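Below, each chain spelled out in residue letters.
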Amino acid sequence: MKRRDFLLGSTAAAGALGLSGFSLAANAPELVIQPARFALRDQMTDGMVSLSPDAPPPILYGKQGEVMRLPVRNTLPDYTAMHWHGLRIANQMDGVPYLTQMPMGEGEVFPYEFTPPDAGTYWYHPHCMTMDQMAHGLTGVMVIAEAEHPGFDSEQVINLRDFRLDEDNQFLPAYTQRGAARAGTFGNVQTANWLQAPVYDHAAGGLVRLRVVNTDTTRIYKLHLEGAEARIIAWDGHPVDIEVPMPSAQDPLLVGPGQRVDFAVTMPGGEGQTVTLMAKLPGQPLRAMAELRAIGPSSARDLRELRPLPANPVARPDLNKAEPHEFVFGWTPEGGEPNNGFCGSLGYNFWSINRTPWPGDAAEGTGPLATLEMGKSYVLRLRNESPNLHPIHLHGLVFVPINSNLRRLPPLLTDTMLLLRGEVVEIALVADNPGDWAFHCHVIEHQKTGLAGFIRVV
Ligand SMILES: [Cu+2]
């Protein structure tokens, strides 16, 4: 069977043909998806996937409003496609197989090219063979800089993720049937930038922008900082313009798969003093995920010297005119086997959106979950009917939570809404980016066993 036989129809065809409008930049180095090995613990782990043979996927730096050319070459025998999580870019650059492009076979290059409209902390990962390639390492951070320097002395990126390894540091199967039908299959080795509790030096008394990204396939991290005067300055890429309480050991911050938090941190004044990013894992004592260590004489800077980050150009929905749409996340009433295409199937359907499981790669006959009109405001009611938590991610658009049946949600712009057990959250958005936008759970086992779909903006 040919990949094109899986085409969804005219929209996908137009997306594929639209590629000819994007030039392959001669000067852009290729991002080469390839096998890698790395010492995740005390000895080498083989069979990893990265963009170099011996290191984690690099941080990709861009600048708000400036074009980025990221040709991706696939050297794996499996298919792939690269998605840029949180970036509001053209649909045909979004990296979702069959919805926006064909899967990339071995030896193929896809000339991703886009101009990020928003500054902030984003990330990238494959959207085809998602479980295999992400679980084996292919998740990286993107930093899109503000047009104006925001006044920090330094930055630190922390990419949090787990791996599932045996005693010899080799990969265990990335998922289990039991896990996929419940909260997901958890890794047993927690890492920051593929390292165990790494220590990073920063100038004593300086102001650090700490960007924390959860790129795990399953785990909802519960985080707080110790030893720092700090505040939250951005959430899921976008500046926070209201006072948000700092998390603590008693009241940690829930950061689901796909979510990001930026802290402004004042480093301690004394040489060797540390700031620690702490995580609470079930049934374990608090754990240090990463440390920032103060070095040199103190510059004695103060958080109050920082100006607020400039707002990103996100349209605010008009709630008086917003049309509602309902989405129910839960079990699939059908079950059955998913169709097994080029982008990998876990072999089961457990989950659904609006009672329909995403049937596999191309999802022929599964129409959009909703069709939104360009420029109009909408309220999407997200109902979690299951006992498990779901980080629900919408591609290509940014939304704001407006209420929940369980808690007070600060109105922070986001692309990924973590739904608690039995929670109903209303989110609001302006449908201002045309295309077919994937809408799915970011617990990859849920996504790949049915909890996926797409929303069309025309
Ligand atoms: Cu889920």
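Presented here is a report on the structure given in the accompanying data block.

Calculation notes
Residues numbered from 1 in each chain as written. Predicted model: local features only at pLDDT ≥ 70, side-chain atom pairs only at ≥ 80, totals over all residues. Heavy atoms only, no water. Helix = DSSP H or I, 4+ residues; strand = E, 2+ residues; numbered from the N terminus. Buried < 20%, exposed > 50% of the residue type's maximum accessible area, 1.4 Å probe, protein only. Contact = heavy atoms within 4.5 Å. Areas by Shrake-Rupley, 256 points an atom, 1.4 Å probe, with all protein chains shown as cover. Lys, Arg positive; Asp, Glu negative; His and termini not counted. Charge placed at Lys NZ, Arg CZ, Asp CG, Glu CD. 1 Å grid on protein atoms, 1.4 Å probe; cavity = no way out; pocket = protein on both sides within 12 Å on 5 of 7 lines; lining within 4 Å. Points joined across faces, edges and corners; volume = space filled by probe spheres on them. Nonpolar A, V, L, I, M, F, W, Y, C, P; charged D, E, K, R; others polar. Disulfide = S-S within 2.5 Å. Pairing = 2+ DSSP bridges. Donors = N, O, S within 2.8 Å, 3.2 Å for Na, K, Ca; no water. Axes fitted to C-alpha atoms, helices over the stretch in contact; angles between N-to-C directions. Salt bridge = Lys/Arg side-chain N within 4 Å of Asp/Glu carboxyl O.

**Focus on the overall build of the protein chain**
Right, on to step 1. On a plain count of helices and strands, the protein chain comes out with four helices and 29 strands.
Right, on to step 2. Each of the three principal axes of the protein chain carries a C-alpha extent, and together these read 65 × 55 × 50 Å.
Right, on to step 3. When burial is assessed residue by residue, the protein chain has 59% of its 458 residues classed as buried.
Right, on to step 4. Once local pairs closer than 6 in sequence are excluded, the contacts in the protein chain between residues at least 24 apart make up 75%.
Right, on to step 5. When the accessible surface of the protein chain is totalled, it reaches about 17,800 Å², and 51% of it is carbon and sulfur.
Right, on to step 6. In the protein chain, the 36 positive side-chain charges and the 49 negative ones have mean positions that sit 3 Å from each other.

**Some details on empty space enclosed by the protein**
Right, on to step 1. One pass over the structure, following the stated rule, counts four cavities of 30 Å³ or more.
Right, on to step 2. Along its surface, the largest cavity is lined by 22 residues, and Trp358, Gly360, Asp361, Gln447 and Ala452 are the ones closest to its centre.
Right, on to step 3. For the lining of the largest cavity, the elements supplying multiple residues, two or more each, are strand 28 (435-441) and strand 29 (452-457).
Right, on to step 4. Partitioned by chemical class, the residues of the lining of the largest cavity number eleven nonpolar, nine polar and two charged.
Right, on to step 5. One number sums up the size of the second largest cavity: a volume of about 110 Å³.
Right, on to step 6. Lining of the second largest cavity is provided by 15 residues; of these, Ala135, Asp162, Arg164, Ala174 and Thr217 occupy positions nearest its centre.
Right, on to step 7. Of all the elements, strand 9 (residues 154-163) adds the most residues to the lining of the second largest cavity, at three residues.
Right, on to step 8. Class assignment of the residues belonging to the lining of the second largest cavity gives a composition of six nonpolar, five polar and four charged.

**Here we look at the state of the cysteines**
Right, on to step 1. Going through the model one piece at a time under the given rule, you end up with one disulfide.
Right, on to step 2. Paired through a disulfide, Cys128 and Cys343 show a sulfur-sulfur distance of 2.0 Å. Because the torsion about its S-S bond is -95°, the bridge between Cys128 and Cys343 counts as left-handed. Here the residue Cys128 occupies a position in the loop between strand 7 (120-126) and helix 2 (130-135), and Cys343 occupies one in the loop between strand 20 (323-331) and strand 21 (351-353), the gap between them amounting to 215 residues. In this structure, Cys128 and Cys343 share a single accessibility class: buried.

**Some details on the sheet that holds strand 10 (residues 189-192)**
Right, on to step 1. Taken in spatial order, the six strands line up as 10-9-12-17-14-15 in an open sheet, and their pairing is mixed. At either end of the open sheet lies a strand with only one pairing partner, and these are strand 10 and strand 15 (238-239).
Right, on to step 2. Where strand 9 and strand 12 (residues 207-214) come together, seven bridges link them in parallel fashion. For Val157, the partnering residue across the bridge sits in strand 12 and is Arg211.

**Re the pairing of strand 5 (residues 82-85)**
Right, on to step 1. The alternating pattern of strand 5 places Met82 and Trp84 and His83 and His85 on opposite faces, both of which are buried.
Right, on to step 2. Pairing analysis gives four bridges linking strand 5 to strand 7, with the strands arranged antiparallel. The partner of Trp84 across the bridge, within strand 7, is Tyr124.

**A closer look at the coordination of the copper ion**
Right, on to step 1. Distances from the copper ion to its protein donors, His390 (ND1), Cys441 (SG) and His446 (ND1), fall at 2.0 to 2.1 Å.
Right, on to step 2. In the primary sequence, the donor residues of the copper ion line up as H-x50-C-x4-H. Taken as a pair, His390 in strand 24 (residues 390-394) and His446 in helix 4 (residues 444-447) lie far apart in primary sequence, 56 residues in all. In this structure, His390 and His446 share a single accessibility class: buried.

**With respect to the sheet that holds strand 24**
Strand pairing in a sheet is mediated by backbone hydrogen bonds. Such pairs are either parallel or antiparallel.
Right, on to step 1. One open sheet accounts for five strands, arranged 22-29-28-24-26; its pairing is mixed. Lying at the two open borders of the sheet, with one neighbouring strand each, are strand 22 (370-372) and strand 26 (416-419). On average, each strand axis in the sheet is tilted by 20° relative to the strand beside it, whichever way the strands run.
Right, on to step 2. Sheet topology note: the strand 22/strand 29 ladder contains three bridges and is parallel. Within strand 29, the residue paired with Leu372 across the bridge is Val457.

**So, the environment of Leu31**
Right, on to step 1. Relative to the elements of secondary structure, Leu31 occurs in strand 1 (residues 31-38).
Right, on to step 2. Taking the C-alpha atoms as reference points, Leu31 and Phe110, 79 residues apart in sequence, are found 9.9 Å from one another.
Right, on to step 3. With residues near it in sequence (within four places) discarded, Leu31 still touches Leu51, Leu60, Leu70, Pro71, Val72, Arg73 and Trp84.

**Digging into the pattern of salt bridges**
Right, on to step 1. Going through the model one piece at a time under the given rule, you end up with 22 salt bridges.
Right, on to step 2. Among the salt bridges present, the one from Arg73 reaches Glu30, with a minimum N-O distance of 2.6 Å. With Arg73 in strand 4 (residues 68-74) and Glu30 in the loop between helix 1 (10-17) and strand 1, the pair connects residues that are 43 residues apart, well separated along the chain.
Right, on to step 3. With relative accessibility at 28%, the residue Arg73 sits in the partly exposed group.
Right, on to step 4. A relative accessible area of 36% places Glu30 in the partly exposed class.
Right, on to step 5. Among the ionic pairs, Arg456 bridges to Asp436, the shortest N-O distance being 2.7 Å. Taken together, the residues Arg456 in strand 29 and Asp436 in strand 28 connect sequence positions 20 residues apart.
Right, on to step 6. Looking at Arg456, the relative accessible area reads 23%, which means it is partly exposed.
Right, on to step 7. Judged by relative accessible area, Asp436 falls into the buried class, the value being 2%.
Right, on to step 8. Overlapping salt bridges bring together Glu146, Glu155, Arg209, Arg211 and Asp262 as one network.

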